[in-house]
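Structural overview for review
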Amino acid sequence: MDWLKYLLIPLTMSALITPILKVIAVKLEIYAQMNERTVHSGKIVRIGGVAIYVSFIVCMACFMKTDATINGILIGGTIMFLGGLIDDMVDLKPKYKLAIECLAAIVLMVVGKVSLDVIRLPFGITIDMGIISFIVTFVWIIGITNAVNLIDGLDGLSGGICAIILVVIACMSVVEARLDIETMSLLLAGSILGFLFYNLHPASIFMGDCGALFLGFIISAISLLGFKSSTIMTLALPILLLAVPIVDTLGAILRRKLSGHKFNEADKKHLHHLLMQRFGHRNTVLILYIVTALFGFTAYLYLVNKGTGFLVLFIIAIVVELFIETSGMISKQFHPILSIIKGIKKTLFTVISYDI
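This one's a predicted model, so the numbers in the text were calculated from it and none came from an experiment. (Residues numbered from 1 in each chain as written. Predicted model: local features only at pLDDT ≥ 70, side-chain atom pairs only at ≥ 80, totals over all residues. Heavy atoms only, no water.)

**Remarks on the nonpolar core**
The condition is simple: Nonpolar core, defined: a set of buried Ala, Val, Leu, Ile, Met, Phe, Trp, Tyr and Cys residues in which side-chain atoms within 4.5 Å join the residues together. The buried label applies to any residue whose accessible area, calculated with a 1.4 Å probe on protein chains only, is under 20% of its type's maximum; exposed applies above 50%, and partly exposed to all values in between. To qualify as a helix, a DSSP run of H or I must reach at least 4 residues; to qualify as a strand, a run of E must reach at least 2; elements of each kind are numbered from the N terminus. Only heavy atoms matter for contacts: two residues are in contact if any of them lie within 4.5 Å across the pair.
In this structure, Leu188 and Ile192 are the most contacted members of the largest nonpolar core, which totals 84 residues. By residue number, the principal contributor to this core is helix H8 (residues 208-229), which donates twelve residues. When near neighbours in sequence (up to four residues on either side) are disregarded, Ile192 contacts Ile52, Gly159, Cys162, Ala163, Leu166 and Leu215.

Below is the structure:
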C-alpha cells in the first residue's frame, strides 16, 4: 500500500498549502493577465505551482534516496520553477525564459547524467544516438516542458493531463520494477491532485508558469529515465503518453509557420480552444482527460499485447487526425486524409457511373 501513501501525503500537503498561497498572492497582487486569448474573467492569482513544487520537494526528501540523477532532477526542476515564478511576477521576455529553460536542461544532463543514449523502437529496433544524444536529449526536455506549458489554457487542463500521465507512468513502472520512477510519478501526481481541488472550473487559482514549466520539466526527466535503461519502454510509449501536448505543440508550430507568424505569438487555435467552441469549458477539459487516458491505456496495452496496442493506436490516431483536419487546427488547406477519402469517393463514383 506504499503507492497510496505516495499519493495521499503530497495531495494533503498541496491541498493545505494552496489556500495560503491564494492569500499571499492577493496581497502581492500576482494575478493572471487577461487578453484576447485568455478564457477567464476577473482577478485570479497565478502562483499555484508553488504548492505543487513544495509538496513534491518535501516528499522527495522524505521518501527518495538522493543520487546524482535525483540531484540533477531536483536542481534542474528548482531552476525551472524559480524561472517560472519570476515570470509569473514580472513577465519575463521570451528569450530570458528560454535561457532559464536551457540552463535547467543542461543541469539535468550534466549533474543528473540523464541522456537519451539509445532509442528502442518497436519490433526490436535499437538506435544508438552516439554524439548527437546531447542535442536530442536537450530538444526533448525543452520541447516537453513547453508543450505542457502551452496546454495550460483552461481550468484544470494541464494539471489533470499531467496527473493522468504520471499515474500511467507509475503503472508501467510497476511492470518494469522501477520503484524510483513509480515513487516520483506518484509523489508528483499527488501534489497535482491536491492543487486541482482549487483549479478545476471555475478555478480560484492558476498554477502559473512556475507550475506548468516545473511539471513539464519533471515529466520530461522521468520519461528519459525510462528511455535510459528500459528494455520495454520504447520511444513510442512516452510519446503516446504525451500525445495531447505534443500534437498541440506541433500543430501550433505548423500553423504559425504556414501563416507567417512567429512561434511565440499566441493565438486561440490550440486544441483546447477549438474544442471549447463546440463543447464548452468543462466538457472540453473532460474530453482531453479521456483522450489522454486512452493514449495512456494504449501505451500500457502495448506492454501486454503489442498487436492489440498498435491496432488501438492506429484507430485513435486516425480519429485525432480527422479532428485536426476538420477543425482547421493547422490550416484550412491541411486535409491530407480527407483529400484521399474524397479522391476515393470520386474514383468509385466515376467507375460506378461508367459501368451503368
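From this point, the discussion proceeds with the structure in view.
**Re a nonpolar patch on the surface**
Our working definition: Every patch collects residues that have over 30% relative accessible area and no salt bridge, joining them within 9 Å if they carry like charges and within 5 Å if they are nonpolar side chains (Val, Leu, Ile, Met, Phe, Trp, Tyr). Residue-level accessible areas treat just the shown protein chains as cover; the underlying method is Shrake-Rupley with a 1.4 Å probe. Every case where a carboxyl oxygen of Asp or Glu lies within 4 Å of a side-chain nitrogen of Lys or Arg is listed as a salt bridge.
There is a patch of nonpolar side chains on the surface, built from Ile75, Ile106, Val110, Val111, Phe134, Ile135 and Val139 and spanning about 600 Å² of accessible area. Those elements giving two or more residues to the nonpolar patch turn out to be helix H4 (94-110) and helix H5 (133-150). With three residues, H5 is the largest single contributor of residues to the nonpolar patch. Inspection of the secondary structure assignment puts Ile106 in helix H4.

**Some words on helix H6 (residues 157-176)**
The cut-off we apply is this: Take the number of residues in a helix, subtract one, and multiply by 1.5 Å to get its expected span.
Counted at 1.5 Å a residue, the expected span for H6 with its 20 residues is 28 Å, and the 29 Å between its end C-alpha atoms agrees. When you tally the buried positions in H6, you get 15 out of 20 residues, the bulk of the element. Following H6 by one or two positions, Ala177 has its phi on the positive side, about 60°.

**Some points on unusual backbone geometry**
Cis geometry is found at the peptide bond from His201 to Pro202, where omega equals -5°. Tracing the chain through its elements places Pro202 in the loop between helix H7 (179-199) and H8. At Glu29, a position not held by glycine, the phi torsion is positive, near 60°. Under the relative-accessibility criterion, Glu29 is labelled exposed at 61%. Even without a glycine there, the phi angle at Lys113 is positive, about 55°. Relative to the helices and strands, Lys113 is located in the loop between H4 and strand S1 (118-120).

**Things to note about the pattern of salt bridges**
A side chain with one charge can pair with a side chain of the opposite charge if their charged atoms come near. Following the criterion strictly, the structure yields five salt bridges and no others. The shortest N-O distance in the salt bridge between Arg46 and Asp91 comes to 3.0 Å. Linking Arg46 in the loop between helix H1 (2-28) and helix H2 (49-63) with Asp91 in the loop between helix H3 (68-90) and H4, this pair joins segments that are 45 residues apart in sequence. With a shortest N-O distance of 3.4 Å, Lys97 and Asp87 are connected by a salt bridge.

**A closer look at the packing of H6 against H7**
What counts is decided by this rule: Angular values range over 0 to 180 degrees, each being the angle between N-to-C directions of two axes fitted as lines to C-alpha atoms, with helices fitted over their stretch in contact. Oblique is the label for every angle not falling under 35 degrees (roughly parallel), over 145 degrees (roughly antiparallel), or within 65 to 115 degrees (roughly perpendicular). Should the near helix be turned anticlockwise from the far one by less than a right angle, the crossing is left-handed, and should it be turned clockwise, the crossing is right-handed.
Packing of H6 against H7 brings their axes to within 8 Å, and their N-to-C directions diverge by 155°. It follows that H6 is roughly antiparallel to H7 by the angle criterion. Crossing hand, H6 versus H7: left-handed. Mapping the contact onto sequence places Gly159, Gly160, Cys162, Ala163, Leu166, Val167, Ile169, Ala170, Ser173 and Val174 in H6 and Ile181, Glu182, Ser185, Leu186, Leu188, Ala189, Ile192, Leu193 and Leu196 in H7.

**Let's talk about the environment of Ala299**
Structurally, Ala299 is set in helix H12 (residues 281-304). Residue Ala299 is classed as buried on the basis of its relative accessible area, which comes to 0%. When the C-alpha positions of Ala299 and Val312 are compared, they lie 9.7 Å apart, and in sequence the two are 13 residues distant.

**Description of the packing of aromatic side chains**
How two aromatic rings sit relative to each other is given by the distance of their centres and the angle of their planes. Put simply, the test is: Pairing of aromatic rings covers Phe, Tyr and the six-membered ring of Trp, with a centre-to-centre limit of 6.5 Å; geometry is then stacked below 30 degrees between planes, edge-to-face above 60, and tilted otherwise.
Counted according to the given criterion, the structure contains five aromatic pairs. With a centroid separation of 5.9 Å and 70° between ring planes, the pair formed by Phe56 and Phe214 is classed as edge-to-face. Taken together, the residues Phe56 in helix H2 and Phe214 in helix H8 connect sequence positions 158 residues apart. As far as burial versus exposure is concerned, Phe56 and Phe214 are alike and both buried. Through successive ring pairs, a cluster of aromatic residues spans Tyr53, Phe56, Phe81 and Phe214.

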